[in-house]
Amino acid sequence: MDPISERLRARHPQRIDLSLDRMRALCAALGDPQNKLPPVVHVAGTNGKGSTVALIRAIAEAAGLKVHVYTSPHLVRFNERIRLAGSLISDDQLNAILDRIEAAMVEMGGEATVFESTTAAAFLAMSETPADLAIIEVGLGGSLDATNVIDRPLLSVITPVDLDHAEFLGDRIEGVAAEKAGILKAGARGVIARQSEAVMAVIERRAAEVRSPLTVMGVDFDAWAERGGLVYQDQERFLDLPAPALSGPHQFDNAGVAVAAALELDLPESAIVEGLKAVRWPARMQRLTAGPYAERAQKVDAELWLDGGHNPHAGRALARTLAERQARAPRPLALIVAMLANKDAGGFFEALKGIEAQVFTVAFDGAAADPAALAAVAQGRGFGALAAGSVDEAVDRALALGAGRVVICGSLYLAGEVLSASPETWPV
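This is a predicted model, so every value here is computed, not measured. (Residues numbered from 1 in each chain as written. Predicted model: local features only at pLDDT ≥ 70, side-chain atom pairs only at ≥ 80, totals over all residues. Heavy atoms only, no water.)

(A) Highlighting the overall build of the protein. A count of helices and strands for the protein gives 16 helices and 17 strands. Relative to a compact globule of 428 residues, whose C-alpha radius of gyration would be 22 Å, the protein shows 21 Å and is just as compact. Counting only C-alpha atoms and orienting by the principal axes, one finds that the protein spans roughly 60 × 55 × 40 Å. Counting across all 428 residues of the protein, residues that qualify as buried make up 57%. Taking the intrachain contacts of the protein between residues at least 6 apart in sequence as the baseline, contacts between residues at least 24 apart amount to 75%. Counting 41 positive and 54 negative side-chain charges, the protein places the averaged centre of each group 1 Å from the other. (Helix = DSSP H or I, 4+ residues; strand = E, 2+ residues; numbered from the N terminus. Rg over C-alpha atoms; globule rule 2.2 N^0.38 Å. Buried < 20%, exposed > 50% of the residue type's maximum accessible area, 1.4 Å probe, protein only. Contact = heavy atoms within 4.5 Å. Lys, Arg positive; Asp, Glu negative; His and termini not counted. Charge placed at Lys NZ, Arg CZ, Asp CG, Glu CD.)

(B) Summary view of the packing of helix 2 (residues 21–29) against helix 4 (residues 91–108). The contact between helix 2 and helix 4 brings their axes to 9 Å, and the two run at 110 degrees. Viewed along their axes, helix 2 and helix 4 adopt a mutual orientation that is roughly perpendicular. On helix 4, the residues that touch Arg22, Ala25, Leu26 and Ala29 of helix 2 are Ile101, Ala104, Met105, Glu107 and Met108. Looking at the contact of helix 2 with helix 4, its residues break down into seven nonpolar, no polar and two charged. (Axes fitted to C-alpha atoms, helices over the stretch in contact; angles between N-to-C directions. Parallel < 35°, antiparallel > 145°, perpendicular 65-115°, else oblique. Nonpolar A, V, L, I, M, F, W, Y, C, P; charged D, E, K, R; others polar.)

(C) Here's a closer look at the sheet that holds strand 4 (residues 87–88). The strand order across the open sheet built from eight strands is 4-3-2-5-1-6-7-8, with neighbouring strands paired in mixed fashion. Each having just a single partner strand, strand 4 and strand 8 (214–216) make up the two edges of the open sheet. Bridging between strand 2 (residues 67–70) and strand 3 (residues 82–84) involves two bridges; their strand directions are antiparallel. Counterpart to tyrosine 70 in the pairing with strand 3 is isoleucine 82. On the sheet, helix 5 (residues 114–127) packs against strand 2, strand 3 and strand 5 (133–137) and is oriented at approximately 175 degrees with respect to strand 2. (Pairing = 2+ DSSP bridges.)

(D) Structural detail: the side chain of arginine 325. You can see arginine 325 is positioned in helix 12 (residues 312–328). Buried within the structure, arginine 325 lacks any salt-bridge partner; its nearest side chain of opposite charge belongs to glutamate 303, at an N-O separation of 5.1 Å. With residues up to four places along the chain from it excluded, the contact list for arginine 325 reads Ser247, Glu303, Trp305, Pro330 and Arg405. (Salt bridge = Lys/Arg side-chain N within 4 Å of Asp/Glu carboxyl O.)

This is the structure:
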């Protein structure tokens, strides 16, 4: 664990407690930095948030803007969560900001969770660093997420909504959608990804209540893959664009949403083109070409990939990506999977059922599912699955069995451990 993460875990409650009262009090004690940010793009959703944030950021930076970004979780170092005008926050600056956060908590006579503290730290650092735009990713949910103390965003973006974090958001899609739609604010346009009818009905109801105009994928604009590129169309334009530099067919939808957001921000088509080509986002179907695992794979002419998707929706996206890649260039496939114990492992493997692959299950440092139990779930969905003692062991066993394509997947925590062994592959 990096030093900043250790500090936060030692001094702040680890619980998740969705509420805005503590966050509003903490921000007030700090002088309400959330009201002193540059124009804000606020991004919520179940899947695709990080990729969409990365795409919008790449386009905005290609247009010459200085961009703040707040995302979570981090993969290797906590600093990845806070990007100030294009650069990751330094340890010295972050520690100084956290000192001020803790002093403010003493002043207000209360405490704040880790996420509330770090969100306040991001707002404070961003309010004191000049920039043209701030892109803020929701941590969990939306309406009661700590980032939702932002009352006047320039733009709200909602990526695909699905079931996840049922212990906090419930097990009904309408309830989850209501939480995500809570980021819609009066006068701020909402750019909405393709959604199910049930989800869209909830979003439209919230938008009408707060008078947030909507731009909806599949209604007001659309985007699709064609001739190796991305086609974007709305009521005013038809753009022939390069494919996003992120792997997987689902990234075309994410890119379409990012392009719609960029156009709402009046960013030029030339920046959209350059941003789509330049975007990077680790652990989202990322090809690993450096580090000890990749070196072992290269010795036997095998590919090594890393993907942090961890719920059924992400499983479906991974399945589409693998099916496309296997159809184009078939290779024996192995999946190395770890998941948090509270995730829907059955739904994840169910989404992958059409993929022919040998599965190896592993654990990571933290609240990971037991590898043997995870292997049993995979076996119940028709996979050949074996528990392994570590990623090292699983990679060696997969390659020994002749796998030509190995995908490490199922958790961003697992992805972080893999990337920590290959520091040259992050951050971007």
